Amino acid sequence: MKWTALALSLTLGCSVQADEMTLAVTTSFHNSGLSVVLLPEIKDDLDLEVHLLVVGTGQALRLGASGDVDAILVHSKSAEEEFVASEAGTHRTEIMYNDFVIVGPSEDPAGLTDMTQAAEALTAIQAAGALYVSRGDDSGTHKKERALWATANLDPDAFDPAWYREVGAGMGASLNTASAMNAYILTDRASWLKFGNKGDLAILIDGDPVLFNQYAYLPVNAATFPHVNADAAARLEGWLTSDTARDLIDGYTLGGETLFTFNAK
C-alpha cells in the first residue's frame, strides 16, 4: 500500500507540474525589462515555464542551429531567414519592433547635430576619429551596425582601435563602456530608455528608416531535432501573437515612452 500511495503521489505531482521550454532571447529584449512583464503572464495563461537564455542574436541562432533551445526571439532578418532556410527553424513570425538610435556625448565632437541619416553620421564619426564603442559580439545590434558601415562604404575591420573600440559584450555592458568613455554607440531605443547610467550621453540620431528594428520568433525544427519541445514552442507562439500579448507589449512604457510596438499578424 505504501508503494501504491507513493506512485499515486508522484503521478499527481507530475500531472500538475507546468510544462517547460527554453527560449534564447537577445540581451536588448531582456535588458528592456519586457521579459519580466511577459513571463508571469505566460505562466498563468499557458501553465508554461519559459526559461530564458540571454545572449546576442548570433549566439541565439547558433544555439537554435544546435538544437540546444526550443525557440529563439531575435532581431536580424537576413540571419533569421538563413536559419529557416537551413531547416534549423521551421518559420519566422514577426512579433514587435522598435528602432535603433545613435547616442553620443552632448558636446558632439563629430558634429552630428544637424544630420538625419545614420550612414552620414557614422561617416562623420570615422572622419573625426571620435571615440566609438561597438558591441563586437555578432548580436543583432552588431549586425545592424556593420550593415550601416557598409552603407557608408566603410570597413570597421580597418578602423584604428585607438578610436573604434570593440568590447564583445551585451547591450547594457556596452552602454556602460560608452558612458564611461563618453563615446558614440548604436543601441536599440528600449535598452537606452532602460539604461540608468547615461552620464553625458544623449540621442543624436534617430528616425532614419534604416534604423527600424524588427523582433521575430523562430521555433526550432523538431524534424531536425526531435528532442525539442515543439508543442510548447507552438503554444508560446500563439500567445505571443495574441491580443493579450499585444496589450502587454504596447502598454509597456518607461517615462511615458513606448519601448516596443506589437505588429504580429
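Everything discussed here concerns the structure shown above.
Here the structure is a predicted model, which is why all the values come from computation and not from measurement.

Re the packing of aromatic side chains
Logical step 1: On inspection of all chains with the given rule, the structure shows 11 aromatic pairs.
Logical step 2: Ring geometry for Trp149 and Tyr164: centres 6.1 Å apart, planes at 80°, overall edge-to-face. Of this pair, Trp149 sits in helix 7 (residues 140–151) while Tyr164 sits in strand 6 (residues 164–166), and the two are 15 residues apart along the sequence. Like Trp149, the residue Tyr164 is buried in the burial classification.
Logical step 3: Here Trp192 and Phe195 contribute two aromatic rings whose centre-to-centre distance is 6.3 Å and whose plane-to-plane angle is 35°, an arrangement assigned as tilted.
Logical step 4: Over the aromatic face of Trp192 sits the side chain of Lys198, whose NZ or CZ is 4.9 Å from the ring centroid.

Details of unusual backbone geometry
Logical step 1: Here Asp138, not a glycine, exhibits a phi torsion of approximately 65°, which is positive.
Logical step 2: Summarising the element assignment, Asp138 is placed in the loop between strand 5 (132–134) and helix 7.
Logical step 3: Of the residues examined, Asp138 reaches a relative accessible area of 26% and is grouped as partly exposed.
Logical step 4: The backbone phi angle of Asn182 is positive, close to 55°, even though this residue is not glycine.
Logical step 5: Position of Asn182 relative to the elements: it lies in the loop between helix 8 (171–181) and strand 7 (184–188).

With respect to the nonpolar core
Logical step 1: Within the largest apolar cluster, 30 residues are counted, with the highest numbers of intra-cluster contacts made by Met21, Leu23, Met96, Tyr217, Leu236 and Ile249.
Logical step 2: In contact with Leu23, other than residues within four places in its own chain, are Val50, His51, Leu52, Leu53, Ala71, Ile72, Leu73, Tyr217 and Leu236.
Logical step 3: Ala110, Ala124, Phe159 and Trp163 belong to the second largest nonpolar core, which has 22 residues in total.

Quick look at the environment of Leu46
Logical step 1: The topology assignment puts Leu46 in helix 3 (residues 34–46).
Logical step 2: Sequence separation between Leu46 and Ala158 is 112 residues; the distance between their C-alpha atoms is 50 Å.
Logical step 3: Those residues in contact with Leu46 that lie beyond four places of it in its chain are Arg235, Leu236 and Trp239.

Describing the pattern of salt bridges
Logical step 1: Counted by the stated rule, this structure contains 13 salt bridges.
Logical step 2: Between Arg62 and Asp138 there is a salt bridge, and its shortest N-O distance comes to 2.9 Å. A residue pair is termed long-range when its members are at least 10 positions apart, and Arg62 in helix 4 (residues 57–65) and Asp138 in the loop between strand 5 and helix 7 qualify at 76 residues.
Logical step 3: Exposure remark for Arg62: the relative accessible area of 41% places this residue in the partly exposed category.
Logical step 4: Notably, a salt bridge pairs Asp157 with Arg146, separated by 3.1 Å at the nearest N-O pair. Here Asp157, found in the loop between helix 7 and strand 6, pairs with Arg146, found in helix 7; they are 11 residues apart in sequence, far enough to count as distant.
Logical step 5: Accessibility expressed as a relative area gives 58% for Asp157, which makes it exposed.
Logical step 6: Overlapping salt bridges, with partners in common, bring together Asp19, Asp231 and Arg235 in one network.

Some points on the pairing of strand 3 (residues 71–74)
Logical step 1: Of the two faces of strand 3, the one carrying Ala71 and Leu73 and the one carrying Ile72 and Val74 are both buried.
Logical step 2: In this structure, strand 1 (residues 19–26) lies alongside strand 3, joined through 3 bridges in parallel fashion. Looking at strand 3, one finds that Leu23 is bridged to Ala71.
Logical step 3: As paired elements, strand 3 and strand 9 (residues 212–219) share 4 bridges and run antiparallel to each other. The partner of Leu73 across the bridge, within strand 9, is Tyr217.

Considering the environment of Lys198
Logical step 1: Structurally, the position occupied by Lys198 is in the loop between helix 9 (189–194) and strand 8 (201–205).
Logical step 2: Along the sequence, Lys198 and Val103 sit 95 residues apart, while their C-alpha atoms lie 9.7 Å from each other.
Logical step 3: With sequence-adjacent residues up to four places away left out, Lys198 is seen in contact with Ser179, Trp192 and Leu193.
Logical step 4: Polar side-chain contacts of Lys198 include one of 2.6 Å to the backbone oxygen of Phe195.

What counts as what
- Residues numbered from 1 in each chain as written.
- Predicted model: local features only at pLDDT ≥ 70, side-chain atom pairs only at ≥ 80, totals over all residues.
- Heavy atoms only, no water.
- Phe/Tyr/Trp six-rings, centres within 6.5 Å; stacked < 30°, edge-to-face > 60°.
- Helix = DSSP H or I, 4+ residues; strand = E, 2+ residues; numbered from the N terminus.
- Buried < 20%, exposed > 50% of the residue type's maximum accessible area, 1.4 Å probe, protein only.
- Lys NZ or Arg CZ within 6 Å of the ring centre and 35° of its normal.
- Core = buried A, V, L, I, M, F, W, Y, C linked by side-chain atoms within 4.5 Å.
- Contact = heavy atoms within 4.5 Å.
- Salt bridge = Lys/Arg side-chain N within 4 Å of Asp/Glu carboxyl O.
- Pairing = 2+ DSSP bridges.
- Polar contact = N/O pair within 3.5 Å; in protein donor to acceptor, adjacent residues only side chain to side chain.

Nothing here speaks to function; it is geometry throughout.
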